[in-house]
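# Examination of the molecular architecture
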Amino acid sequence: MGIEISSLTVHGALDALSGGECSSEELVRDVVAEIAKRDAEVGAYVSVDEELALEQARAADAARSAGKCGRLLGVPIAIKDVLNVEGQSCTCGSKILEGYTSPYDATAIAKLRAEGAVFLGRANMDEFAMGSTTQNSAYKVTHNPWNLDCVPGGSSGGSAAAVAAGEAIAALGTDTGGSIRQPASFCGCVGLKPSYGRISRYGLVAFASSLDQIGPITKNVRDAALLCEVMSGVDKMDSSSMDEPIPQLAVDLPADLKGVTLGLPKEYFVDGMDDDVRRGVMAAVEKCRELGAEIKEVSLPHTKYAVSTYYIIATAEASANLARFDGVRYGKRAEGATDPIDMYGKTRAEGFGAEVKRRIILGTYVLSSGYYDAYYLSAQKVRTLIRQDFEKVFEDCDALLAPVTPSPAYRIGENLDDPLQMYLGDICTVTANLAGICGLSVPCAMTESGLPVGLQILGPAFKEENILKVGHAYEQARGDMPLPEILKR
Amino acid sequence: MVDEVDQDGIERIDVRYVANLARLYLDDSEVDTFQGQMEGIVEYVKQIGELDLSEIEPTSHARPIQNILREDVVSPGLDHELVMDNAPREKDGQFAVPQIIE
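Reading the values: the criteria
Residues numbered from 1 in each chain as written. Chains lettered and ligands numbered in written order. Predicted model: local features only at pLDDT ≥ 70, side-chain atom pairs only at ≥ 80, totals over all residues. Helix = DSSP H or I, 4+ residues; strand = E, 2+ residues; numbered from the N terminus. Rg over C-alpha atoms; globule rule 2.2 N^0.38 Å. Buried ≥ 20, exposed ≤ 12 C-beta atoms within 10 Å, placed from the backbone. Contact = placed C-beta atoms within 7 Å. Pairing = 2+ DSSP bridges. Axes fitted to C-alpha atoms, helices over the stretch in contact; angles between N-to-C directions. Parallel < 35°, antiparallel > 145°, perpendicular 65-115°, else oblique. Left-handed = near helix turned anticlockwise from the far one by under 90°. Nonpolar A, V, L, I, M, F, W, Y, C, P; charged D, E, K, R; others polar.

This brings us to the overall build of chain A. From N to C terminus, chain A includes 15 helices and eleven strands. Computed over its C-alpha atoms, the radius of gyration of chain A comes to 21 Å, within 12% of the 23 Å expected for a compact globule of 489 residues. With respect to the three principal axes, the spread of C-alpha positions in chain A is 65 × 55 × 45 Å. Within chain A, buried positions represent 62% of all 489 residues. For chain A, restricting intrachain contacts to residue pairs at least 6 apart in sequence, the fraction spanning at least 24 positions comes to 75%.

As structure tokens, this is what we get:
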């Protein structure tokens, strides 16, 4: 049909659909053809529901012919396998949810559906979103489309790999400690973690309820803005969703940064940081200065405690949330149990992978009698200090610029048996979740070995417009990034 | 809990005991693997102990929110049959589990 799918954005697809250049059915067939061509190597999807997607696409085409419109009418999107879509599987990358069929739509999904989006399939992820590489999936390993020997990042690695490999126009991910921004950075995509409470979590299988947020992974900032705007809003099914006005995020994105003050948190430029990452991020900072932004160095002094604080709070919440997987109401149940307690122990032993077990045990430990004050309560207090650090710098900064990760994507298998080393890589991303603020990852450079580097833009809670404006202006000034070689095959 | 501190000052964690609190069976090789890993992680996160937190209020939630209340009215839940389709074992429209009481 003459449209280049691999670099097609949501806005590009909407233009093509409304201009009659293609139908949604053709678009879905083309994307499915890309998946067939490449996903055996990339492994972005746990499952693709072609029939259901085509059915939705035909309905979108009929609606368009009838003069109806929707802000995403006919656009195919990949969904991280942790969000409930009625009638589809939702494995969370875990054997314990094998065979489960969602009886309802998550609120974010319902909002996308109401605007005519088409759901392509289920994107691979670290089990229950616990991991930074997508290697913790019980189903498959996802490969980085830029270098198949490298990880795509995680936990939303399938979503980012699908977008980078031209196997989706856009995707949804979730971010508890960086799980949207880090894979977006590793795969050369745009990833937005909205403020805590911006998007309802109803229908998102919970990992750490005070940290989890749903967000988009896209090919440009404007697409991320549109998807975020569509999914936003208070929801009676999620009492932590906030009744804040939803700005028109996708319009009114200026081309320059005059009058904008951007902070450079010195603690995020850590010792041992990769040289290519540092160079790429600093070049992006210079670009923002050229666009008219005032750049000032700032300090977030409690950053060095962020990983500890995060892993205490996140595992504590996970140990409580994952208690629901007991083999009673849904998912897997182990055979041969003599009583319910035995059934729980066996089901969970068989159903969960190593990283999930590790975090359940750690979370149970920090909450247990005699340790609660030293670990969990103390971590909640440090969380206050981290939040206050941000409040202070946002008094005179509109947004902050930082790396997303200290290094680019690494090799599959690296550090797999050293969880602490793996956790330390989350230093630049966990803070936004602890403070409830918003964050954006935008591609800014390529390393010498040909891997993407992301620029992280952090903004105050419910100021998504700040980071999207900076991201968009930077993206326009930066120009086009290269595409992965795999797309040329 | 039987945890103690050994002569290197490393906190010993009874991994199997904690796993049982979480209703999670482990085999011996998992206990071996997790033992060192967990102790390494706990040793690292103890760094927060160097901060003076006596005057600091805990943050349990990223945003300051109060209780969200609604009218106590009946509203439809999920379709019973759809929910039971996911049940590992069902009897008479209810979840069946191993016998609890003799």
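Looking now at the pairing of strand E9 (residues 399-403) of chain A. Residue and element names in this part refer to chain A. Of all the five residues making up E9, five are buried; the element is thus mostly covered by neighbouring parts of the structure. Side chains Ala399, Leu401 and Pro403 of E9 all project onto a buried face; the interleaved residues Leu400 and Ala402 project onto the opposite face, where all are buried too. Strand direction decides the pairing type here: strand E7 (residues 261-265) and E9, joined by two bridges, are parallel. Pairing of Gly263 across the sheet is with Leu400, part of E9.

Attention now moves to the packing of helix H11 (residues 354-367) of chain A against helix H2 (residues 28-45) of chain B. It is the contact of H11(A) with H2(B), at a shortest axis distance of 11 Å, that shows an interaxial angle of 55°. By the angle class used here, H11(A) and H2(B) are oblique. Judged by the sense of rotation from one axis to the other, the crossing of H11(A) with H2(B) is right-handed. Counting all contacts with H11(A), which are made through Lys357(A), Arg358(A), Ile361(A) and Leu362(A), the residues of H2(B) involved are Glu30(B), Phe34(B), Gln37(B), Met38(B) and Ile41(B). Residue composition of the contact of H11(A) with H2(B), grouped by class: five nonpolar, one polar and three charged.

A few words now on the interface of chain A and chain B. Between chain A and chain B, the contact holds 58 residues from the first and 48 residues from the second. Mapped onto the side of chain A that touches chain B, the elements with two or more residues apiece are helix H9 (306-321), helix H10 (340-351), H11, helix H12 (373-393) and helix H13 (419-424) of chain A. Among the elements that line the side of chain A that touches chain B, the one with the most residues is H12(A), at eleven residues. Tallied by class, the residues present in the side of chain A that touches chain B amount to 29 nonpolar, 18 polar and eleven charged.

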